[in-house]
Amino acid sequence: MAKKTWNKKELKEFKKIIVDKRQTMLENIEEARRRADDIINQGNQSSIYSSHMADAGSDQQSLEHAYSIINRESSFLNYLDLALQRIDDTSFGVCSKCGELISKERLMEVPHATKCFDCKTSNI
Ligand SMILES: [Zn+2]
């Protein structure tokens with residue numbers, strides 16, 4: 001029995017989605033980095049004038065928020081890179097547990113999924 005795979009045309013379609021998502025992610029990371037830099041620079045300036053504590057507190061929060069975006073997007077970026085590798089070796093979109101094709105809807109939503117919905121949920 002031949003192993004199940006998505007055909008070339010479909011893989012190409014998925015690849016485009018992933019590359020687009022990847023681009024958005026890179027932009028999000030870049031923006032969050034800029035924001036973090038701004039906050040740090042402002043923080044350095046305001047500390048000279050020993051500015052309000054309240055401002056410092058919200059700066060800290062914004063900074064943590066920016067870093068959490070960078071962290072989250074970076075690990076997601078990693079998953080997308082792995083998904084792109086799997087597209088190249090055509091193992092993309094195949095459940096690593098049961099070997100069935102993962103539904104297209106699921107792959108559109110979660111392109112880095114390596115298990116079908118049934119296997120994923122039966123694991124928990
Ligand atoms: Zn499965």
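Up top is the structure.
Residues numbered from 1 in each chain as written. Predicted model: local features only at pLDDT ≥ 70, side-chain atom pairs only at ≥ 80, totals over all residues.

Trainee: Can you tell me about the nonpolar core, naming the residues and giving the values?
Mentor: Trp 6, Phe 14, Ile 18, Ala 83, Ile 87, Phe 92, Val 94, Ile 102, Leu 107 and Cys 116 form the largest nonpolar core, which has 10 residues in total. Contributing elements (two or more residues each) for this core: helix H1 (8-48) and helix H2 (53-88). In contact with Leu 107, other than residues within four places in its own chain, are Phe 14, Gly 93, Ile 102 and Ala 113. (Core = buried A, V, L, I, M, F, W, Y, C linked by C-beta atoms within 7 Å. Buried ≥ 20, exposed ≤ 12 C-beta atoms within 10 Å, placed from the backbone. Helix = DSSP H or I, 4+ residues; strand = E, 2+ residues; numbered from the N terminus. Contact = placed C-beta atoms within 7 Å.)

Trainee: Tell me about the environment of Glu 100, and please be specific about residues and values.
Mentor: Summarising the element assignment, Glu 100 is placed in the loop between H2 and helix H3 (104-109). For Glu 100, a count of 13 C-beta atoms within 10 Å puts it in the partly exposed group. Measuring from C-alpha to C-alpha, the distance between Glu 100 and Lys 4 comes to 6.6 Å, with 96 residues separating the pair along the chain. Non-local contacts of Glu 100, meaning those with residues more than four positions away in its chain, are made with Lys 4, Cys 95 and Cys 116.

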